[in-house]
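Here is what each chain is made of, one letter per residue.
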Amino acid sequence: MKLTAEETIVAVETTREILSGIHDSRGSLIPVLQRVQNKLGYVPPVAMQEVAAHFNIPAVDVYGVITFYNQFRLTPPGKNQVKICMGTACHMRGANIIQEAWERRLKIKVGETTEDREFSLERVACVGCCTMAPVVVINEEVNGKITPTRVDGLLFSYELDKKNEAAAKGGENNGQ
Amino acid sequence: MGKQVTITVDGKTISAGEGEMLLWTALDNDIYIPHLCSERNEKETPASCRLCFVEVAGRPAPVPACTLSVSEGLVVKTRSERVDALVAAGFELLMSNHRLDCKNCPANGKCELQRIAKARKLRLKPKNLPILDKGLPVDDSAPGIVYDPNKCVLCGRCIRACRRSGNSILGFTSRGFERVVATFGDLPLGESGCQGCSDCAEACPVGALSKQA
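Residues numbered from 1 in each chain as written. Chains lettered and ligands numbered in written order. Predicted model: local features only at pLDDT ≥ 70, side-chain atom pairs only at ≥ 80, totals over all residues. Heavy atoms only, no water.

**Topic: the interface of chain B and chain A**
How big an interface is tends to be expressed through the accessible area that disappears when the partners come together. Each partner contributes residues to the interface: chain B has 15 residues there, and chain A has 12 residues. For the pair chain B and chain A, the summed buried area comes to about 1000 Å², and 62% of that belongs to carbon and sulfur atoms. Per-residue buried area on chain B facing chain A is highest for Arg163, Arg175 and Phe184 of chain B; these three make up 57% of the total on that side. The interface formed by chain B and chain A contains 1 salt bridge. (Contact = heavy atoms within 4.5 Å. Buried area = accessible area lost by both parts, 1.4 Å probe. Salt bridge = Lys/Arg side-chain N within 4 Å of Asp/Glu carboxyl O.)

**Looking at the packing of aromatic side chains**
What the rule picks out here adds up to 4 aromatic pairs over all chains. Here Tyr63 of chain A and Phe184 of chain B contribute two aromatic rings whose centre-to-centre distance is 5.8 Å and whose plane-to-plane angle is 65 degrees, an arrangement assigned as edge-to-face. On the criterion of chain membership, the pair formed by Tyr63 of chain A in helix α4 (residues 59–68) and Phe184 of chain B in the loop between β8 (180–182) and α5 (199–203) is interchain, its members lying in two chains. Of the residues examined, Phe184 of chain B reaches a relative accessible area of 13% and is grouped as buried. Between Phe119 of chain A and Tyr158 of chain A, the aromatic rings sit 5.9 Å apart at their centres with planes inclined by 80 degrees, giving edge-to-face as the arrangement. A residue pair is termed long-range when its members are at least 10 positions apart, and Phe119 of chain A in strand β2 (residues 119–124) and Tyr158 of chain A in helix α7 (residues 148–175) qualify at 39 residues. These aromatic residues form a ring-pair network of at least three members: Phe68, Tyr69 and Phe72 of chain A. Positioned above the aromatic ring of Phe68 of chain A, the side-chain terminus of Arg175 of chain B is 5.0 Å from the ring centre. (Phe/Tyr/Trp six-rings, centres within 6.5 Å; stacked < 30°, edge-to-face > 60°. Helix = DSSP H or I, 4+ residues; strand = E, 2+ residues; numbered from the N terminus. Buried < 20%, exposed > 50% of the residue type's maximum accessible area, 1.4 Å probe, protein only. Lys NZ or Arg CZ within 6 Å of the ring centre and 35° of its normal.)

**What about α4 of chain A?**
Taking burial as the measure, the 10 residues of α4 of chain A include 8 buried ones, the bulk of the element. When α4 of chain A is considered as a whole, its buried residues turn out to be Val60, Asp61, Val62, Tyr63, Gly64, Val65, Ile66 and Thr67 of chain A. For α4 of chain A, the secondary structure elements touched by its buried residues are α2 (29–40) and α3 (45–55) of chain A together with α4 (157–164), β7 (171–173) and β8 of chain B.

**As for the sheet that holds strand β2 (residues 12–17) of chain B**
Residue and element names in this part refer to chain B. Taken in spatial order, the 5 strands line up as β2-β1-β5-β3-β4 in an open sheet, and their pairing is mixed. In this open sheet, the two strands that pair with only one neighbour each are β2 and β4 (63–64). By the bridge criterion, 6 bridges tie strand β1 (residues 4–9) to β2 in an arrangement that is antiparallel. Of the residues in β2, the one forming a bridge with Val9 is Lys12. (Pairing = 2+ DSSP bridges.)

Okay, here's the thing in structure tokens:
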């Protein structure tokens with residue numbers, strides 16, 4: 001995923017701000033990374049390099065920590081966040097098939113964001129509505145009894161919504 | 001070195017420097033103990049390969065020889081039923097996740113896995129476990145180095161060699177079954193700033209990192 005120049009600058013500045021005044025002992029590494037993630041929503045490579053330089057450790061060590069913990073994202077979250085439930089019930093009802101369907105349709109892997117930043121894909125543990133398994137949560141909206149065809153349907157409805165929104169906006173502008 | 005102590009390994013009396021790690025003492029005296037992750041000149045050992053187990057008199061369970069410092073009157077057996085069971089299990093787990101291609105492997109003949117299999121009469125191909133190939137691409141982008149992550153046993157020797165050479169390009173990333181030796185951002189070695197010193201290939205006990213012919 002390519003970051004824009006602006007995003008890179010913001011990431012570097014935010015990271016430097018967080019790092020200022022923090023001691024360079026390695027124990028602060030994860031808290032710092034968490035703060036970067038809180039501010040930016042993800043931890044881009046430039047931020048990792050800044051952090052590595054501050055703690056005087058190889059950049060690959062920071063990358064190792066980031067990839068070790070699920071809580072860290074490497075890519076900016078998409079406009080629509082798709083969360084596939086991987087709880088026991090959903091798993092038994094074929095959540096991995098649903099995951100594959102999303103990956104195929106969005107052409108990304110879990111943890112990534114589409115090139116147009118519209119969708120990001122995540123696996124989550126139980127979302128608490130096992131009777132509807134397999135479940136996919138898109139933003140805050142819960143979708144139960146998902147099938148691969150339903151994935152296509154959901155994506156289609158999002159495209160439709162987007163078109164309608166654009167049309168409505170266009171209409172407003174014309175009205176003015 | 002400090003003072004000399006006398007220990008017994010497999011009934012053989014050996015004199016060794018106090019505080020030395022048993023693994024190296026045994027190897028110096030031609031007693032082979034399987035090992036992958038340990039290195040003689042490193043201060044700390046990860047003790048992660050779980051292959052150098054030995055039986056120590058007075059200890060309830062086998063201990064790894066790479067973390068056992070030698071002391072006066074130590075009595076050690078390198079083989080026992082429990083040790084063999086532990087090593088066999090550990091070795092089989094390693095092999096279930098190692099792409100076996102000895103015939104075409106650059107490490108064929110000097111591979112530590114082949115040596116362990118021969119010494120302990122273990123099979124290279126796991127009997128009870130399915131083979132889980134990582135299915136990762138082979139990286140030959142750096143000058144002089146070929147990296148096949150599918151053969152990696154995660155001993156970490158290449159990482160330490162890379163750090164000693166002053167480059168710090170390699171490191172462990174991800175977790176669990178996905179754990180792999182990789183570069184920052186999973187870049188191919190050729191784009192990672194690797195100088196191609198091939199210290200990692202020298203350090204690799206198997207055929208995961210090798211020098212390009």
